[in-house]
Amino acid sequence: MSTPSFDLIDVVRTIQKQKRIIIIITAIAIALGGIFFVVKRKKFKASSKFLVNNPLYGDRNTLFRNYEQRYVDYFGGDDDLDRVTALLASDTVKDRIIRNCQFQVVYNSDINSEKGHAFLMSVFDKNFNVKRSEYKEMEVSYIAYDSMTAANVANMAVKVCEESFRNYYTTMKMGMAKSIRDKVKQIDSTIARNGDILDGHKAIADLRHMTGDTATEPVMTNQKALGIEQDQLMQDRAKYISLINEIEATTNSSMDYLKVTTRALPPTSAMGPTLTMVLIVAACLGLFFSTLLVLVLAYYNKLMAVER
């Protein structure tokens, strides 16, 4: 028994005969696509772009050049971009972002519980993204169901990252300043002690001079040695105070470590395809599968009509 043929002419005739069913199924697919577009929650994506400044430009050796005039680039290099990327991926920075943006209110979860905090961190990781361009510009973006939330998180990420990046350098500088300041206190104590000794030597020398005692040379020698030591201590003290002032000048908040080039604004349109695109895709899918269905059924009926 031969298999019945089902050529192109049969396909065209079947489609013409069942075009009503095809149109109905296609219309149903379009309606389902429209319902899906209306029911589906809209997501909004907000992005903020920034450049990384060179931290060495605000260093003491750059601000207060005493020797060579060495050029320092304003823009940070690849290593600085890698450090910023690492900070944005750190749990410390992410925790500050979700707390500053009130994630516990936005996503209705207890941020103080271990489970709730882990949930909020996972939500942040899922919707947050960091990119860098070939022009050394970095972009942070966040996706949320609310446009204002998306913009706030993107802007807060840049702010927190800048503070953390700045704090990495300023903390070390302030530690250096504190170490030098402690040394200044030691010098002040030594200067005060030597001053008391000098006053004692002077009193002894004056007393011996008044009594006619000529054995004042040892006293004068000690007094001269202490005087030289005092002068050196005063010079060291002045140098240390100058260093402290220079270091503290490099920690001024007016120097930006990240420069925002594009601030995130609440997006006016949602992510994903538009209504027109959804309807076109739904129509194409409905037309394809409905046509395939009627052709398969027609061929099946033709097979069953053959005597076995």
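Everything here concerns the structure above.
Not measured: the values here are computed from a predicted model. (Residues numbered from 1 in each chain as written. Predicted model: local features only at pLDDT ≥ 70, side-chain atom pairs only at ≥ 80, totals over all residues. Heavy atoms only, no water.)

**Student:** Explain the packing of aromatic side chains here, please?
**Tutor:** Enumeration over the complete set of coordinates arrives at ten aromatic pairs. Between Phe 103 and Tyr 107 the ring centres are 5.2 Å apart and the planes differ by 55°, which places this aromatic pair in the tilted class. Between Tyr 168 and Tyr 169, the aromatic rings sit 5.3 Å apart at their centres with planes inclined by 85°, giving edge-to-face as the arrangement. With relative accessibility at 15%, the residue Tyr 169 sits in the buried group. Within the aromatic cluster, the residues linked to one another by ring pairs are Phe 103, Tyr 107, Phe 124, Phe 128 and Tyr 142. Its guanidinium or amino end placed over the ring of Tyr 145, Arg 41 lies 3.8 Å from that ring's centre, counting from NZ or CZ. Above the face of the Phe 37 ring, Lys 42 is positioned so that its terminal group lies 4.9 Å from the ring centre. (Phe/Tyr/Trp six-rings, centres within 6.5 Å; stacked < 30°, edge-to-face > 60°. Buried < 20%, exposed > 50% of the residue type's maximum accessible area, 1.4 Å probe, protein only. Lys NZ or Arg CZ within 6 Å of the ring centre and 35° of its normal.)

**Student:** Could you clarify how one ought to interpret the side chain of Asp 80 in this entry?
**Tutor:** Positionally, Asp 80 belongs in helix α4 (residues 78-88). Among the polar contacts listed, one links the side chain of Asp 80 to the backbone nitrogen of Gly 77, at a separation of 3.1 Å. Sequence-distant contacts of Asp 80, defined by excluding residues within four places in its chain, comprise Val 52, Asn 54, Pro 55, Phe 165 and Tyr 169. (Helix = DSSP H or I, 4+ residues; strand = E, 2+ residues; numbered from the N terminus. Polar contact = N/O pair within 3.5 Å; in protein donor to acceptor, adjacent residues only side chain to side chain. Contact = heavy atoms within 4.5 Å.)

**Student:** I'm lost on the nonpolar core in this one. Help?
**Tutor:** Nonpolar side chains tend to gather and get buried jointly when the protein is soluble and globular. By size, the foremost hydrophobic cluster in this structure holds 36 residues, and its most contacted members are Phe 50, Val 52, Val 84, Ile 97, Phe 103, Phe 124 and Tyr 142. Those elements that provide at least two residues to this core are β1 (44-52), α4, α5 (91-100), α7 (114-127), β3 (137-144) and α8 (147-211). When residues in this core are grouped by element, the largest group, eleven residues, is from α8. Excluding anything up to four places from it in sequence, Tyr 142 contacts Phe 44, Lys 45, Ala 46, Phe 103, Tyr 107, Val 123, Phe 124, Asn 127, Phe 128, Ala 150, Val 153 and Ala 154. (Core = buried A, V, L, I, M, F, W, Y, C linked by side-chain atoms within 4.5 Å.)

**Student:** I'm lost on the pairing of β3 in this one. Help?
**Tutor:** Side-chain direction in a regular strand flips from residue to residue, so the side chains alternate between the two faces of the sheet. Most of β3 is tucked away, with seven of its eight residues classed as buried. As defined by bridge partners, β1 adjoins β3 across eight bridges and the pair is classed as antiparallel. Paired with Phe 44 across the bridge in β3 is Ala 144. Bridge count for strand β2 (residues 128-132) against β3 is five bridges, and the pairing is antiparallel. Paired with Asn 129 across the strands is Ser 141, a residue of β3. (Pairing = 2+ DSSP bridges.)

**Student:** Explain the pairing of β1 here, please?
**Tutor:** With four bridges connecting them, β1 and strand β4 (residues 258-262) associate as antiparallel partners. Its bridge partner being in β4, Leu 51 is matched across the sheet by Lys 259.

**Student:** Where do I start with the pattern of salt bridges in this structure?
**Tutor:** Where charged atoms from two side chains of opposite charge approach closely, those side chains can pair. The full count for this structure, using the stated rule, is ten salt bridges. For Glu 162, the salt bridge identified is with Arg 166, shortest N-O distance 2.7 Å. Pair noted here: Glu 162 and Arg 166 are both in helix α8, with a separation of four residues, about one helical turn. For the salt bridge of Asp 188 with Arg 237, the shortest nitrogen-to-oxygen distance reads 2.3 Å. Taken together, the residues Asp 188 in helix α8 and Arg 237 in helix α9 (residues 217-249) connect sequence positions 49 residues apart. Accessibility expressed as a relative area gives 30% for Asp 188, which makes it partly exposed. (Salt bridge = Lys/Arg side-chain N within 4 Å of Asp/Glu carboxyl O.)

**Student:** Looking at this model, I keep getting lost on the environment of Thr 92. Mind explaining?
**Tutor:** Locating Thr 92 in the fold gives a position in helix α5. Taking relative accessible area as the criterion, Thr 92 reaches 59% and is therefore assigned exposed. C-alpha of Thr 92 to C-alpha of Ser 164: the two residues are 72 residues apart in sequence and 9.2 Å apart in space.

**Student:** Where do I start with the sheet that holds β3 in this structure?
**Tutor:** Two strands in a sheet stick together by hydrogen bonds in their backbones, pointing the same way (parallel) or opposite ways (antiparallel). The four strands are arranged β2-β3-β1-β4 in an open sheet whose pairing can be described as antiparallel. This sheet does not close on itself; its edge strands, each paired only once, are β2 and β4. The sheet shows a mean angle of 30° between the axes of neighbouring strands, direction not considered. α4 contacts β1, β2, β3 and β4 of the sheet and is inclined by roughly 180° relative to β2. (Axes fitted to C-alpha atoms, helices over the stretch in contact; angles between N-to-C directions.)

**Student:** What exactly am I supposed to notice about the packing of α5 against α7 here?
**Tutor:** The description of two packed helices rests on the angle between their axes and on the distance between the axes. It is the contact of α5 with α7, at a shortest axis distance of 10 Å, that shows an interaxial angle of 100°. Here α7 runs roughly perpendicular to α5, going by the angle between their axes. Between α5, through Asp 91, Lys 94, Asp 95, Ile 97, Ile 98 and Arg 99, and α7, the contact on the second element is made entirely by His 117, Leu 120, Met 121, Phe 124 and Asp 125. Classifying every residue of the contact of α5 with α7 by side-chain character gives five nonpolar, one polar and five charged. (Parallel < 35°, antiparallel > 145°, perpendicular 65-115°, else oblique. Nonpolar A, V, L, I, M, F, W, Y, C, P; charged D, E, K, R; others polar.)

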